[in-house]
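Per-entry structural report
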Amino acid sequence: MPSEPRPGGAVGPSGTAPSPGGGGLARRLGTGDAVVIGLGSMIGAGVFAAFGPAARAAGTGLLVGLVIAAVIAYCNAVASAQLAAAYPTSGGTYIYGRERLGHWWGFTAGWGFVVGKTASCAAMALTFASYAVPGPWWAQRAVAVAAVVCLAALNYRGVTRTALLTRVLVATSLTALAVVVAGIAAGGHAGTARLGGWSSLGSGGVYGVLQAAGLLFFAFAGYARIATMGEEVRDPRRTIPRAIPLALFIAVAVYLVVGVAALLAAGPDRLAASTAPLVTAVDAAGTGGLAPVVRVGAALAALGALLALIAGIGRTALAMARHRDLPGRLAAVHPRYQVPHHAEIAVAVVVSALAATVDLRGVIGFSSFGVLVYYTVANASAFTQPAADRRWPRPLNLLGVVGCLVLVATLPWPSVAAGVLMFAVGLLGRWLILRRRTEPRRPAG
């Protein structure tokens, strides 16, 4: 096997990896900003997208799947928080895997995050366009690309602007969801009869419930954005362990309330058949006049998720480029705005191309595959941390590893096949590059 390239510099608890293309990133984010950026990634990625596929997998049992997903997400969250406090630099589990398990494990996590979340960016852009522009497909594609370009430009100008806009989008989305839940409660057509009784919780079987959990896990992946921005958080040892669990708990509470309300209003069968489940829910509850509120909330939530996703992917790409797992130019940090501008431009170009050419609104399973592998590495990395760096008991890390692997195995088979192919391409590509770097050069004859 080819030997590993020497990284650009060790990453330790008290420092950050040096950047060949510029200096370090500015620490400007407080706990509130970090929580909001995490919520901006979670609110919208799931509430307006994941309940339909989850209902098809498990019916009313999606509520059980939601609880399972939340438990595994909590294990992942505390592992990420514990690691981020010890390694306060950009890159998230890509860095943690390298430091705790080895370079190949770190690359596996980073590759899964960058590729899977790039696809999620395109999906969020198209989701925003489909709600904001109920017109022809070409108009939706154009709006999706425009959204990517505008948000990438905002990220380019600095992370504090990203946090400010995300705060506005999250507040608007949560207000819209509150109106929807209140409307369903006041509509008079919602009722427990639509749930089908206690026996319906297991109507999808164990496999269906676990598949729903894997699909709904897509909704909880936003707290990774907090860890990947560890180099821009003030006092990361204190801020990140607070922000990640807090963002997750708020998101879980929102999803449970909205999920129960949608099931009471429309029932699992109508949700399963809908591409816009919350619009279907308010229609079924007799408050169809709230549909515009749902559409505005969905559009803004998707926009907030896209904004945070672009920021997170850019910083993971920055870390991978620092260690020569991606092209070195992506490691550049802008001298004025102190953001990884080359990485964010590259992400925007790729996402724009995908949004313009491919319909990725059905890639929830594909994204979940990459993210679950990412968190498997995170939990395994946290398991190896010494007692001095531990903040939560080690069994939570073991539960996280097992839970992530089980959910990966129960995802829809097309998602599993695409995920396996994605990782095979990345790992093989890295092996070939390492082999080429270590081959002795032949003397000129």
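This one's a predicted model, so the numbers in the text were calculated from it and none came from an experiment.

Moving on: the overall build of the chain. A count of helices and strands for the chain gives 16 helices and 0 strands. For the chain, contacts bridging at least 24 residues in sequence account for 83% of all contacts bridging at least 6. Just so you have it, the chain exposes about 16700 Å², and 67% of that area is on carbon and sulfur atoms.

Estimated volume of the second largest pocket: approximately 230 Å³. Taken together, 15 residues line the second largest pocket, and the ones lying closest to its centre are Arg-324, Asp-325, Leu-326, Arg-430 and Ile-433. Broken down by secondary-structure element, the contributors of at least two residues to the lining of the second largest pocket are α5 (103–132) and α16 (413–438). Sort the elements by how many residues they give to the lining of the second largest pocket and α16 lands first, with 7 residues. Looking at side-chain class alone, the lining of the second largest pocket contains 8 nonpolar, 3 polar and 4 charged residues.

What follows covers helix α13 (residues 341–357). Its 17 residues give α13 an end-to-end C-alpha distance of 25 Å, which sits within 8% of 24 Å, the value for a rise of 1.5 Å per residue. Those residues of α13 lying buried are His-341, Ala-343, Glu-344, Val-347, Ala-348, Val-351, Ser-352 and Ala-355. Burial along α13 is one-sided: seen end-on, the buried residues are contained in an arc of 160°. Opposite the buried face of α13, at more than 90 degrees from it, the exposed residues are Val-349 and Thr-357.

Here we come to the confidence of the model for the chain. On average, residues of the chain carry a pLDDT of 82, and 87% of them reach 70 or more. Predicted confidence in the chain is weakest over helix α9 (residues 224–228), with a mean pLDDT of 65, and strongest over helix α15 (residues 394–409), with 96.

In this fold, Ala-193 is placed in the loop between α7 (159–187) and α8 (205–217). A C-alpha to C-alpha distance of 9.8 Å links Ala-193 and Ala-265, two positions 72 residues apart in sequence.

Conventions used here
- Residues numbered from 1 in each chain as written.
- Predicted model: local features only at pLDDT ≥ 70, side-chain atom pairs only at ≥ 80, totals over all residues.
- Heavy atoms only, no water.
- Helix = DSSP H or I, 4+ residues; strand = E, 2+ residues; numbered from the N terminus.
- Contact = heavy atoms within 4.5 Å.
- Areas by Shrake-Rupley, 256 points an atom, 1.4 Å probe, with all protein chains shown as cover.
- 1 Å grid on protein atoms, 1.4 Å probe; cavity = no way out; pocket = protein on both sides within 12 Å on 5 of 7 lines; lining within 4 Å.
- Points joined across faces, edges and corners; volume = space filled by probe spheres on them.
- Nonpolar A, V, L, I, M, F, W, Y, C, P; charged D, E, K, R; others polar.
- Expected span 1.5 Å × (residues − 1).
- Buried < 20%, exposed > 50% of the residue type's maximum accessible area, 1.4 Å probe, protein only.
- Arc of directions from axis to C-beta.
- pLDDT = per-residue confidence, 0-100.

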